[in-house]
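# Report on the structure
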Amino acid sequence: MREDWLTLVVDSPAARATGAELVARWAEPHRRYHTLAHLAAVLAAIDRLADAAADPVAVRLAAWFHDAVYDGRPGWDEERSAQLAQARLPRCGVPADRVAEVARLVRLTAAHDTLAEGDRDGAVLCDADLAVLGGPDYEAYRGQIRQEYAHVPDELFRQGRAGVLRRLLAVPRLYRTDEAYALWEERARANMSAELVALAAAQAAGDEAAQ
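With 14 residues, helix α2 (residues 13-26) should cover 20 Å at 1.5 Å per step; its first-to-last C-alpha distance of 20 Å lies within 8% of that length. Here α2 has its buried residues at Ala15, Thr18, Gly19, Leu22, Val23 and Trp26. Along the axis of α2, the buried residues cluster in a sector spanning 135 degrees; they form a single face. Considering only its buried residues, α2 is in contact with α1 (2-6), α3 (36-49), α4 (56-65) and α5 (76-88).

With that out of the way, let us pick up the packing of aromatic side chains. Within this structure, the stated rule accounts for six aromatic pairs. When the centroid spacing of 6.1 Å and the interplanar angle of 65 degrees are considered together, the rings of Trp5 and Phe65 count as edge-to-face. Of this pair, Trp5 sits in helix α1 while Phe65 sits in helix α4; the two residues are 60 residues apart in sequence, bridging distant segments of the chain. Neither Trp5 nor Phe65 differs from the other in exposure class; each is buried. Members of the aromatic cluster, joined through ring pairs, are Trp5, Trp64 and Phe65. Over the face of the ring belonging to Trp26 we find Arg31, whose NZ or CZ atom lies 5.3 Å from the ring centre. A cation over a ring is seen here: Arg146 above Phe157, with NZ or CZ 4.3 Å from the ring centre.

Our next topic: the packing of α4 against helix α6 (residues 96-108). Between α4 and α6, whose axes approach to 9 Å, the crossing angle comes to 50 degrees. Of the possible angle classes, the one that applies to α4 and α6 is oblique. Classified by chirality, the crossing of α6 by α4 is right-handed. Contacts between α4 and α6 involve Val57, Ala58, Val59, Leu61, Ala62 and Phe65 on the former and, on the latter, Arg98, Glu101, Val102, Leu105 and Val106. Classifying every residue of the contact of α4 with α6 gives nine nonpolar, no polar and two charged.

The subject of this paragraph is the pattern of salt bridges. Tallying each qualifying case throughout the model produces 15 salt bridges. The salt bridge involving Glu139 is made with Arg142; its shortest N-O contact spans 3.4 Å. Placement of the pair is Glu139 and Arg142 together in helix α8 (residues 138-148), with a separation of three residues, close to one helical turn. Judged by its relative accessible area of 54%, Glu139 falls in the exposed class. Arg142 gets classed as partly exposed once you look at its relative accessible area, which sits at 24%. For Arg146, the salt bridge identified is with Asp154, shortest N-O distance 2.7 Å. You can call Arg146 partly exposed: its relative accessible area is 21%. Overlapping salt bridges bring together Glu139, Arg142, Arg161 and Glu195 as one network.

What counts and what doesn't
Residues numbered from 1 in each chain as written. Predicted model: local features only at pLDDT ≥ 70, side-chain atom pairs only at ≥ 80, totals over all residues. Heavy atoms only, no water. Helix = DSSP H or I, 4+ residues; strand = E, 2+ residues; numbered from the N terminus. Expected span 1.5 Å × (residues − 1). Buried < 20%, exposed > 50% of the residue type's maximum accessible area, 1.4 Å probe, protein only. Arc of directions from axis to C-beta. Contact = heavy atoms within 4.5 Å. Phe/Tyr/Trp six-rings, centres within 6.5 Å; stacked < 30°, edge-to-face > 60°. Lys NZ or Arg CZ within 6 Å of the ring centre and 35° of its normal. Axes fitted to C-alpha atoms, helices over the stretch in contact; angles between N-to-C directions. Parallel < 35°, antiparallel > 145°, perpendicular 65-115°, else oblique. Left-handed = near helix turned anticlockwise from the far one by under 90°. Nonpolar A, V, L, I, M, F, W, Y, C, P; charged D, E, K, R; others polar. Salt bridge = Lys/Arg side-chain N within 4 Å of Asp/Glu carboxyl O.

In structure tokens:
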């Protein structure tokens, strides 16, 4: 993957060090879903959607950084990841305007439903990040997310997870690019709806057991 990184930056000792740092961050042992496999999947999805982006290089750089900091703190993780991009990319030969765009894109992934109409780069990154929702590995993804939040009690996790799913299902169109919409929209909505049903059933069972 480091060679893929070097296609996006000016090859230099600083760029190679940054690539190594990013790979190490994505390989941290506490991660279960937000791993190198997730990064590779997002980059592969971007490859499929790249024609819809205004700056595909910025989108790919944002993918590398979007979960580079991951402590299971929504919003804070994305902000720290954006700050990391702002600190590291200038020394990798990335122009200031592209650095700013990468940081903006990373921050967008904190709440995909806030994407503005006509944001081509944001649409590609967010669609690629959410591709798993419409993919064949949804059940594995669910389990890995629960493992990352193993410190959260079941009832609180179910409430939080259900809130995330409802917010995503409430948007008229989950995927903003035409290709992603055609590929993943229907299955993603079915997957998330089924998970909501399962969460409600688990909550009811828990309530009954507590009585």
